[in-house]
Amino acid sequence: MALSQSALTELLEVFRAGEGVDLIREAVRVALQDLVELEATEVIGAGRYERSEARTTERNGSRPRVLTTKAGDVQLAIPKLRKGPFFPEVLAPRRRIDQALHAVVMEAYVHGVSTRSVDDLVAALGGTGMSKSEVSRICAGLDETVGAFRARTLGHAAFPYVFLDATYLHVREVARGQVVSKAVVVATGVTEHGTREILGLDVGDSEDETFWRKFLTDLKDRGLAGVRLVISDQHAGLVKALTRCFAGAAHQRCRVHFARNLLALVPKSHKDMVAALFRTIFAQPDDKAVHATWDEVRDQLAKAFPKIGPFMDDAKAEVLAFTAFPKAHWSKIWSNNPIERVNKEIKRRARVVGIFPNEGAVIRLVGAVLADAHDEWQVSDRRYLSEASMALLNTPRDTDTTAITSGK
């Protein structure tokens, strides 16, 4: 419906007075908030104060969410539900990843990297083609967003538990004229309040000590503190870097990775038996029973497989480091499984690209994946570890058997 002349004149005066931007921003906020409320009503099955047989849950307050729009930042209220999580699709939590994926694929095309199937990939992403200038514009915007995420400070909370892991992606090196496999390292952490956060990521030629030390030093420079336990695999470069950067923190060697290494020492016909016996160690009710069962399993297996004896002796302190922490945390900290799931999502997204044109493209896509995962963790009502159980970390415990990293 067309506005009257008087309404147009009034609107013009608002813009002349410099209040037009605020007016547009408020209009955007109201429209988005209405869409959020409408979507919440559909999920709940009833509106506010409405009686309905279709109702599946109830509202339980709201949480604030700042959304950046072309009209500026707007503050929205995201409804919380008594049962189940809720995040409105209208805010497109996955849009950043899809945009990054689209930009990386198109950048590969622009740089002449494996043009086969690129058109099909773009079509699958809903695109119809893109100019070089448009690719550059999207990449610049994503790089700024991901760069700010990677550089953000970490001093807002202590992180008693830190998970570290690496995955490998294929990257084309123009200078060398070949495709190489590069390490993408990721760090996640659990705060003193029991919530999870993505702490950082980086790309390097290999997982040597120098690379890991640089990565860990950057985390500390950004404010990472309060680290009590670092969970990772037993990569030599990583373990050496930990002794330098996190002196005094315990190191938990991933029990899943250790079990794989252990099974490599026995014949195939005995693997199931050894695996079942090894699992009994982690089914014990307390730390003393865990250590006693480890020794029993070690002695039993060493009789049949002599190499297992010294192998388990060397690894005992690090594989059982979790026992010095609250039992309520054991299943969440004795392996690298939580960060492995993050790496699987990275691999799933990266599989579409295949070969990345450069390291910047890797950071762009992986950074977008991690930034979205981080955002979803922050709006989730479910903590990784309960706040009550995190308070148990302050209870004095006997840590004589914990694997402590020490500086040299």
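Cut-offs applied
- Residues numbered from 1 in each chain as written.
- Predicted model: local features only at pLDDT ≥ 70, side-chain atom pairs only at ≥ 80, totals over all residues.
- Heavy atoms only, no water.
- Axes fitted to C-alpha atoms, helices over the stretch in contact; angles between N-to-C directions.
- Helix = DSSP H or I, 4+ residues; strand = E, 2+ residues; numbered from the N terminus.
- Left-handed = near helix turned anticlockwise from the far one by under 90°.
- Contact = heavy atoms within 4.5 Å.
- Nonpolar A, V, L, I, M, F, W, Y, C, P; charged D, E, K, R; others polar.
- Buried < 20%, exposed > 50% of the residue type's maximum accessible area, 1.4 Å probe, protein only.
- Pairing = 2+ DSSP bridges.
- pLDDT = per-residue confidence, 0-100.
- Core = buried A, V, L, I, M, F, W, Y, C linked by side-chain atoms within 4.5 Å.
- Phe/Tyr/Trp six-rings, centres within 6.5 Å; stacked < 30°, edge-to-face > 60°.
- Parallel < 35°, antiparallel > 145°, perpendicular 65-115°, else oblique.

**Overview of the packing of helix α8 (residues 255–263) against helix α9 (residues 271–279)**
And then number 1: It is at 10 Å that the axes of α8 and α9 come closest, and there the two elements cross at 145 degrees. Here α8 runs over α9; the crossing is right-handed. Contact residues: Arg255, Phe258, Ala259, Leu262 and Leu263 in α8; Lys271, Val274, Ala275, Phe278 and Arg279 in α9.
And then number 2: A breakdown of the residues in the contact of α8 with α9 according to their chemical character gives seven nonpolar, no polar and three charged.

**A closer look at the pairing of strand β3 (residues 161–173)**
And then number 1: Here β3 lies mainly inside the structure; 10 of its 13 residues are buried.
And then number 2: Bridge count for β3 against strand β4 (residues 178–190) is 13 bridges, and the pairing is antiparallel. Opposite histidine 170, over in β4, you have serine 181 as the bridge partner.
And then number 3: Between the end of β3 and the start of β4, which pair antiparallel, lie four residues, with glycine 177 showing a positive phi angle near 65 degrees.
And then number 4: Pairing geometry for β3 and strand β6 (residues 229–232), over three bridges, is parallel. The residue bridging phenylalanine 163 from the neighbouring strand is isoleucine 231, located in β6.

**Looking at the confidence of the model for the protein chain**
And then number 1: Confidence in the prediction of the protein chain, expressed as mean pLDDT, is 82, and 77% of residues score 70 or more.
And then number 2: With pLDDT under 50 throughout, residues 109–119 is counted as low confidence; its partners more than four residues away or in other chains account for 10 contacts.

**Here we look at the nonpolar core**
And then number 1: By size, the foremost hydrophobic cluster in this structure holds 59 residues, and its most contacted members are Tyr161, Ile281, Met312, Phe356 and Leu370.
And then number 2: Among the nonpolar cores identified, the runner-up in size contains 22 residues, and Phe159, Ala187, Leu199 and Phe246 belong to it.

**Considering the packing of aromatic side chains**
Aromatic ring pairs: the centre-centre distance and the angle between the two ring planes describe each pair.
And then number 1: Under the definition given, this model contains 13 aromatic pairs.
And then number 2: For the pair phenylalanine 278 and tryptophan 294, a centre-to-centre distance of 6.2 Å together with 65 degrees between the ring planes defines the contact as edge-to-face. Of the two residues, phenylalanine 278 sits in helix α9 while tryptophan 294 sits in helix α10 (residues 287–304), which places them 16 residues apart along the sequence. We note that phenylalanine 278, like tryptophan 294, is buried.
And then number 3: An aromatic cluster of three or more residues is present, and its members are Phe258, Phe278, Phe282, Trp294, Phe311, Phe322, Trp330 and Trp334.

**Concerning the packing of α9 against α10**
And then number 1: Interaxial distance between α9 and α10 falls to 9 Å at its minimum, and their mutual angle equals 160 degrees. Compared by their axis directions, α9 and α10 come out roughly antiparallel. By crossing handedness, the relation of α9 to α10 is classed as right-handed. On α10, the residues that touch Val274, Leu277 and Phe278 of α9 are Trp294, Val297, Gln300 and Leu301.
And then number 2: In the contact of α9 with α10, the residues fall into six nonpolar, one polar and no charged.

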